[in-house]
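A structural walkthrough
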Amino acid sequence: MLTVIDHPLIKHKLTVMRKKDTGTKDFRQNLDEIGGLMVYEITRDLPLNPVEIETPICPYTGYELAKKVVIVPILRAGLGMVNGIQDLIPTAKIAHVGMYRDEETLEPHTYFEKYPKNLEEAITIVVDPMLATGGSSVAAIDMVKKQGATNIKLVCLVGAPEGVKTVEEAHPDVDIYLASLDDHLNEHGYIVPGLGDAGDRIFGTK
Ligand SMILES: O=P(O)(O)OC[C@H]1O[C@H](OP(=O)(O)OP(=O)(O)O)[C@H](O)[C@@H]1O
Ligand SMILES: O=c1cc[nH]c(=O)[nH]1
Ligand SMILES: [Mg+2]
């Protein structure tokens, strides 16, 4: 299922990121902040266990998260979303999936993967600012499923309808969250209106 998170703060910050004159520092900071704001929506259905505690006044049955959360950034650009999410879920473990998209074929190529143990028991949150053709996200979800992950969420900033369709068809069990569903892909596979190359803008490589 696709959820587009509709929030004035996210819209404001995403507009700053879309501006071509926004520099690396502000781009990164706004991405970080949007990651944090998206967490509320992403975590709305996290299961809880009851836990017995003592307040200063009396015994109380409270709650704690029932499952481990694993964040899986798709390198490089996905790294820009990790801090904002981890700030709110400090116990989250981080996996890494390194992937680049071939500029001609638009096919994803994997160059790194590293996971924490027991993904099958975790809530796995795959993050990448850009969902364009969907090739990278589908490949990353294939990889975490191979590691045993069953409860998977895909969190992107900007998505194209083409990419959403591709992920939905390949992985109908995965919930997709976006800050914006954009219009289309151009002839180079870039999202329109989009925000350009997220990795280059985060790391200042262009
Ligand atoms: O949906 P897709 O068509 O697969 O495109 C999206 C992918 O492209 C970008 O990564 P890129 O290959 O530029 O690598 P980078 O993060 O290192 O810049 C982006 O961060 C996604 O991972
Ligand atoms: O628009 C796009 C498409 C793929 N990757 C990006 O960084 N931006
Ligand atoms: Mg890039």
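Above this text is the structure in question.
Quick summary incoming for the structure in this document. (Residues numbered from 1 in each chain as written. Chains lettered and ligands numbered in written order. Predicted model: local features only at pLDDT ≥ 70, side-chain atom pairs only at ≥ 80, totals over all residues. Heavy atoms only, no water.)

**Description of the site of ligand 1**
- Every one of the 16 residues lining ligand 1 counts as a neighbour, but Arg76, Arg101, Asp128, Thr133 and Ser136 are closest to it.
- With respect to ligand 1, the side chain of Ser136 contributes an N or O atom lying 2.6 Å from an oxygen atom.
- Protein contact buries 91% of the 500 Å² of open area that ligand 1 shows by itself.
- With 3 residues, strand β6 (residues 96-101) is the largest single contributor of residues to the shell around ligand 1.
- Here the shell around ligand 1 is composed, by residue class, of 7 nonpolar, 5 polar and 4 charged. (Near = heavy atom within 4 Å. Polar contact = N/O pair within 3.5 Å; in protein donor to acceptor, adjacent residues only side chain to side chain. Areas by Shrake-Rupley, 256 points an atom, 1.4 Å probe, with all protein chains shown as cover. Helix = DSSP H or I, 4+ residues; strand = E, 2+ residues; numbered from the N terminus. Nonpolar A, V, L, I, M, F, W, Y, C, P; charged D, E, K, R; others polar.)

**Notes on a nonpolar patch on the surface**
- A cluster of nonpolar residues, Leu48, Ile53, Tyr60, Tyr63 and Leu65, forms a patch on the protein surface that exposes about 530 Å² of accessible area.
- Elements with a minimum of two residues in the nonpolar patch: β2 (48-54) and β3 (59-65).
- In terms of residues, the nonpolar patch owes the most to one element, β3, which gives 3 residues.
- With respect to the helices and strands, the residue Tyr63 is situated in strand β3.
- In this structure Tyr63 comes out as exposed when scored by relative accessible area, which is 60%. (Patch = residues over 30% accessible without salt bridge, like charges linked within 9 Å, V, L, I, M, F, W, Y side chains within 5 Å. Salt bridge = Lys/Arg side-chain N within 4 Å of Asp/Glu carboxyl O. Buried < 20%, exposed > 50% of the residue type's maximum accessible area, 1.4 Å probe, protein only.)

**Quick notes on the packing of helix α1 (residues 8-18) against helix α2 (residues 24-42)**
- Packing of α1 against α2 leaves a shortest axis separation of 9 Å and a crossing angle of 155°. As judged from the angle between their axes, α1 and α2 are roughly antiparallel. For the pair α1 and α2, the sense of crossing is left-handed. On α2, the residues that touch Leu9, Ile10, Lys13, Leu14, Val16 and Met17 of α1 are Phe27, Asn30, Leu31, Glu33, Ile34, Leu37 and Met38.
- Looking at the contact of α1 with α2 residue by residue, the classes come out as 10 nonpolar, 1 polar and 2 charged. (Axes fitted to C-alpha atoms, helices over the stretch in contact; angles between N-to-C directions. Parallel < 35°, antiparallel > 145°, perpendicular 65-115°, else oblique. Left-handed = near helix turned anticlockwise from the far one by under 90°. Contact = heavy atoms within 4.5 Å.)

**Re the pairing of strand β4 (residues 69-75)**
- Of all the 7 residues making up β4, 7 are buried; the element is thus mostly covered by neighbouring parts of the structure.
- By the alternation rule, side chains of β4 split into Val69, Ile71, Pro73 and Leu75 and Val70, Val72 and Ile74, which are all buried.
- On the question of chirality, the crossover connecting β4 to the parallel strand β5 (residues 93-94) by way of helix α3 (residues 82-88) is right-handed.
- Bridge count between β4 and β6: 2 bridges; the pairing is parallel. Paired with Ile74 across the two strands is Val97, which belongs to β6. (Right-handed = clockwise from strand over helix to strand, strands pointing away. Pairing = 2+ DSSP bridges.)

**Concerning the nonpolar core**
- Grouped together as the largest cluster of nonpolar side chains are 35 residues, with contacts concentrated most on Met38, Val155, Leu157 and Leu195.
- Those elements that place two or more of their residues in this core are α1, α2, β4, α3, β8 (123-127) and α6 (198-203).
- Among the elements that make up this core, the one with the highest residue count is α2 (6 residues).
- When sequence neighbours within four positions are dropped, the list of residues in contact with Met38 reads Ile5, Ile10, Met81, Val155, Cys156, Leu157, Tyr177, Leu178 and Ala179.
- Membership of the second largest hydrophobic core comes to 26 residues, among which are Val70, Ala95, Ala149 and Val174. (Core = buried A, V, L, I, M, F, W, Y, C linked by side-chain atoms within 4.5 Å.)

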